[in-house]
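Coordinates in review
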Amino acid sequence: MPASKPGGVDGLVRDGARAAVENERRIGNYRPMTTNDISRETIAEFGRKYLWWEPVGDQPHSEDRIIAQTMNLGTYDDILLLEQTVGRPRLVEIMLHAEPGWINDRSWEFWRGRLAFAMGAAITDKAPRRAFL
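Since the structure is predicted, the reported quantities are computational estimates derived from the model, not experimental observations. (Residues numbered from 1 in each chain as written. Predicted model: local features only at pLDDT ≥ 70, side-chain atom pairs only at ≥ 80, totals over all residues. Heavy atoms only, no water.)

1. Digging into the overall build of the protein
Operational definition: Only runs of H or I of at least four residues qualify as helices and only runs of E of at least two qualify as strands under DSSP, and these elements are numbered from the N terminus. With a 1.4 Å probe rolled over the protein chains alone, any residue whose accessible area is under 20% of its type maximum counts as buried; one over 50% counts as exposed, and the rest are partly exposed. A contact between two residues is defined here by any heavy atoms of the two lying within 4.5 Å.
Counting secondary structure elements, the protein contains six helices and zero strands. Counted from the first residue to the last, the protein has its helices and strands arranged as α-α-α-α-α-α. Within the protein, buried positions represent 38% of all 133 residues. The contacts of the protein with a sequence gap of at least 6 include a subset with a gap of at least 24, amounting to 62%.

Structural data, given as structure tokens:
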């Protein structure tokens, strides 16, 4: 099987993912991607491992929150499983829509470099932070 040429199928997939994420962000039409049963179970396991506090209100922690917490605190093996389970486009979405405090500066820089390189995504230099007035 021949290696991919620059701009080949890999480039098309990367460009398509980047365009989709940018378009959703630009028009403010963000809707989290859906997950299959295997992904749901893996995300639930990460939730049990990395979210030790009770959620606020009657609703459980969102998948986005669980994924962000795993991105923030996960072991390298968990990071690889997360990438395989939910995919890099979803991880880019999580970063683009992360709430303040979800991902610390060190993890943000790790993921920004990893995803910007792999997906060609434009991710801000700094993680979202709370503003105290």
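2. Looking at a nonpolar patch on the surface
Definition in use: Residues with no salt bridge and a relative accessible area higher than 30% make up the patches, which join like charges within 9 Å and nonpolar side chains (Val, Leu, Ile, Met, Phe, Trp, Tyr) within 5 Å. With residues, only the protein chains shown are counted as cover, and all accessible areas are computed by Shrake-Rupley using a 1.4 Å probe. By salt bridge we mean one thing: a side-chain nitrogen of Lys or Arg within 4 Å of a carboxyl oxygen of Asp or Glu.
Judged by side-chain polarity, W52, W53 and L73 come together as a nonpolar surface patch covering roughly 350 Å² of accessible area. Here W53 lies in the loop between α2 (37-50) and α3 (63-73). A residue is classified by how much of its surface remains accessible, and W53, at 32% relative accessible area, is partly exposed.

3. Digging into helix α5 (residues 88-96)
Among the nine residues in α5, seven count as buried, and that is most of the element. Every buried residue belonging to α5 is among R90, L91, V92, E93, I94, M95 and L96, and all of these are buried.

4. Comments concerning the nonpolar core
Stated precisely, the cut-off is as follows: For this analysis, a nonpolar core means a set of buried residues of the types Ala, Val, Leu, Ile, Met, Phe, Trp, Tyr and Cys, connected via side-chain atoms within 4.5 Å.
With 27 residues, the main nonpolar core has I67, M71, L91, M95 and L115 as its most contacted residues. If you list the elements that add at least two residues to this core, you get α2, α3, α4 (76-86), α5 and α6 (105-119). Among all residues touching M95, those that are not within four sequence positions of it are M71, I103, W108, W111, R112, L115 and I123.

5. Observations regarding the environment of A116
Mapped onto the elements, A116 comes out in helix α6. On the basis of relative accessibility, which here comes to 27%, the residue A116 falls in the partly exposed class. Put simply, A116 and V92 are 24 residues apart on the chain and 8.5 Å apart in space, counted from C-alpha to C-alpha. Aside from chain neighbours lying at most four places away, what touches A116 is W111, A121 and I123.

6. Regarding the confidence of the model for the protein
So the rule is basically this: Each residue gets a pLDDT score, which is the predictor's confidence in that residue and runs from 0 to 100.
For the protein, mean pLDDT is 80; residues scoring 70 or higher make up 74% of the total. Per-residue pLDDT stays below 50 along residues 1-14; that stretch engages in six contacts with residues further than four places along the chain or on separate chains.

7. A few points about the pattern of salt bridges
Using the criterion set out here, one finds nine salt bridges in the structure. Taking the shortest distance from any N to any O, the salt bridge between D105 and R129 comes out at 2.6 Å. One end of the pair, D105, is in helix α6; the other, R129, is in the segment after α6, with 24 residues separating them in the sequence. Taking the relative accessible area as the measure of exposure, D105 reaches 48% and is therefore partly exposed.

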